[in-house]
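# Analysis of the macromolecular model
Chain by chain, the residues:
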Amino acid sequence: MNAAIEAHELSRTFGPTVALDGLSFELQAGEVLALLGPNGAGKTTTVRLLNGVLRPDRGGARVLGLDPVTDGEALRRRTGVLTENAGLDDRLTARENLTFVARIRGLEGRDGERRVDELLGRFGMSDRAGDKVQGFSTGQRKRLALARALLHDPEVLFLDEPTSGLDPAATRDVIDLIGSLATEHGRTVVLCTHFLPEAGRLAHRMAVLHGGHLEAFGRPDELAAELWDGLEADVDLGAPIDDRTTALVAALDGVTAATATADGVRVRVRDREVLAALVALLVGREVPVYGAVPRVPTLEDVYFAIEERKERDRGA
Amino acid sequence: MARERLHWPSIRAVMRKDLSAVGRSKAIVLPMLIVPFLMLVVLPTVIGLAARSQTNIDVSRFLSNIPGDLARPILRLPVREQLIVLVNGYLLAPLFLIVPLMVSAVLAADAFAGEKERRTLESLLHLPIAERDLFVAKLLTAFVPAVLLSWIGFVCFALVTNTVAWPVMHRIFVPTKLWLVMIFWVAPGVAALGLGVMVRVSARARTTQEANQLGGAVILPLIFLAVGQASGLLLVDIWIALVVGAFVWVIAVWLCSRGAHRFTRDQLAARL
């Protein structure tokens, strides 16, 4: 597979502030990358560098085989960007905002009009097409800005907080859309977001940035394997576990952690065999076991574990 | 910046967008129409009507305080004509230059600093438009309306002045050759100068208001004073008018080209 995005030691400072320091990663075509991190982590700077809006101080990148610094314009013809604030001109109508971008992208005349109408319809904005953006809600602005980013059917999409301000139904629609763009249409998506469940649903890979440094990059399950040994599982006992049973569980060979939950206990075990042995032990001691479900770490779990590790390292 | 040819469809698209947006902003459009109307229609009408009244207004005492070369041709005229020629033919010239200066400055502030204020700059920078095309589009968005409005304003001024003053003058006295130099050479230069100043100011300002305060309240009045003083000379001799106009153009082009060097995606995005 060809890498759609390659970044190598990408770095940028603004005066004394290091916005990005040595970012390196590779993303294949058709993959969704969740770019995560707290505010000021370097997510927006990364997007600006990858789309040739900023120039790196050090390192470089190739997006769709193009160098953002030297081939910026050619690259931007093939990428679509949704900025964190929708970036629409309030004084223009919804249609005019899209038509302007269509003209810049060479979609003139009837083709341009048709494409604008199609996207206004797709994002449920047809009835507001002739209204000034000034009176639009955050969600309507976001939908319009998404439509604008997709006007030219870009090969790479940079989406900064695509669902912030959207209601639950619109959020679901946007997530489904992003998912289908990647899986069905082979589009590569870089998704900057604070909404971890949304990232978890969409992302093939995740990158965690902190203070401009890349703390982790990879598939969520790979990163989970690096972070934790063994397997986590929820054992349903129908009620919180008592101290005596907790001690029994913790004493079993292969159990590395046991924490009481509302329905029983969450355990970390060496492997699936230990989980089976644990269930057998509890049943043998006449403790009712209603279920034992291995728990796959979510992207959210991985993210917070990385953040905690970062805090621990800083403390040390 | 790239040395490729300008991409006019993109330039037109940006101009069209900016002018459509400006056209809907009463706060921008009304001053751009009211100020020229007052200066180029109302004022010459009042002066013309005053001169037509029975009372002869003697301006010879005023003329004795201004340079001889400027006063002499007016003093040669009949007393009733002196007021009209002095005000409409001479004193309104520097005031006339407010129009291109104001319009270009206001539109430039909206085109450059306004993108930051409206938070539309970043999405613009992510579009496939060359920096030079974007810069040219923004310049033309301010320059073309400023010059057109000045010219239209001058046509109105000439019509009103000659019509109202006809019973006194019995001839068309505006435009003179010097006025034509003013309109076609100095006024566009002044528009470009206002533009150049606002391009530089807008690079640092975060809002249109900040740009207008910096450019409109501090720098442009100084320019206007200088140009206003010079315009007395402009109407003395056609060569002086041409030289002053050329000087204005040189400064304007220098300011704009300095602005163009700083107008890069990287520098603009770094200030977001």
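### Concerning the overall build of chain A
Each helix and strand in chain A was counted, giving eleven helices and 13 strands. Summarising its shape, the C-alpha atoms of chain A cover approximately 80 × 45 × 35 Å along the three principal directions. Per-residue burial over chain A gives 43% buried out of 316 residues.

### Here's the deal with the overall build of chain B
Helix and strand content of chain B: twelve helices and zero strands. The N-to-C order of helical and strand elements in chain B reads α-α-α-α-α-α-α-α-α-α-α-α. Split into buried and exposed, the 272 residues of chain B put 47% on the buried side. In chain B, the proportion of contacts linking residues at least 24 apart, taken out of those at least 6 apart, comes to 85%.

### With respect to the interface of chain A and chain B
Across the contact, 24 residues belong to chain A and 23 residues belong to chain B. In terms of residue class, the side of chain A that touches chain B is built from nine nonpolar, four polar and eleven charged.

### Examining the sheet that holds strand β5 (residues 79–82) of chain A
Residue and element names in this part refer to chain A. Pairing within the open sheet is mixed, and its six strands lie in the order β5-β6-β7-β3-β8-β9. The open sheet has two edge strands with one neighbour each: β5 and β9 (213–218). Direction aside, neighbouring strands of the sheet carry axes that sit 15° apart on average. One ladder, built from five bridges, connects strand β6 (residues 156–160) with strand β7 (residues 188–192); its direction is parallel.

### Looking at the sheet that holds strand β4 (residues 58–63) of chain A
All names here are of chain A. Strand order in the open sheet formed by three strands is β2-β1-β4, and the pairing between neighbours is antiparallel. At either margin of the open sheet sits one strand with a lone partner, and together these are β2 (17–28) and β4. Adjacent strand axes in the sheet meet at a mean angle of 15° when their direction is disregarded. Across eight bridges, the pairing between strand β1 (residues 3–14) and β2 is antiparallel. The partner of L10 across the bridge, within β2, is L23.

### A look at the confidence of the model for chain B
Across chain B, the average pLDDT comes to 83, with 86% of residues at 70 or higher. Predicted as a complex, the structure gets a pTM of 0.84 and an ipTM equal to 0.84.

### Comments concerning the domain arrangement of chain A
When the domains of chain A are assigned, the result is domain 1 (3–88 + 136–224) and domain 2 (229–295). Distance from the C-alpha centre of domain 1 of chain A to the C-alpha centre of domain 2 of chain A: 40 Å.

### Focus: the nonpolar core
In terms of nonpolar packing, the biggest core is built from 156 residues, with A:A34, A:I178, A:L191, A:M206, B:A108, B:L195 and B:M198 touching the most fellow members. Judged by nonpolar contacts, the second largest core, of 15 residues, contains A:A233, A:V235, A:L237 and A:L275.

### Structural notes on the pairing of β5(A)
Residue and element names in this part refer to chain A. Of the two faces of β5, the one carrying T79 and V81 and the one carrying G80 and L82 are both buried. Inspection of the sheet shows β5 paired to β6 by four bridges, in the parallel sense. Its bridge partner being in β6, V81 is matched across the sheet by F158.

Rules used in this analysis
- Residues numbered from 1 in each chain as written.
- Chains lettered and ligands numbered in written order.
- Predicted model: local features only at pLDDT ≥ 70, side-chain atom pairs only at ≥ 80, totals over all residues.
- Helix = DSSP H or I, 4+ residues; strand = E, 2+ residues; numbered from the N terminus.
- Buried ≥ 20, exposed ≤ 12 C-beta atoms within 10 Å, placed from the backbone.
- Contact = placed C-beta atoms within 7 Å.
- Nonpolar A, V, L, I, M, F, W, Y, C, P; charged D, E, K, R; others polar.
- Pairing = 2+ DSSP bridges.
- Axes fitted to C-alpha atoms, helices over the stretch in contact; angles between N-to-C directions.
- pLDDT = per-residue confidence, 0-100.
- Domains from an automatic or database assignment.
- Core = buried A, V, L, I, M, F, W, Y, C linked by C-beta atoms within 7 Å.

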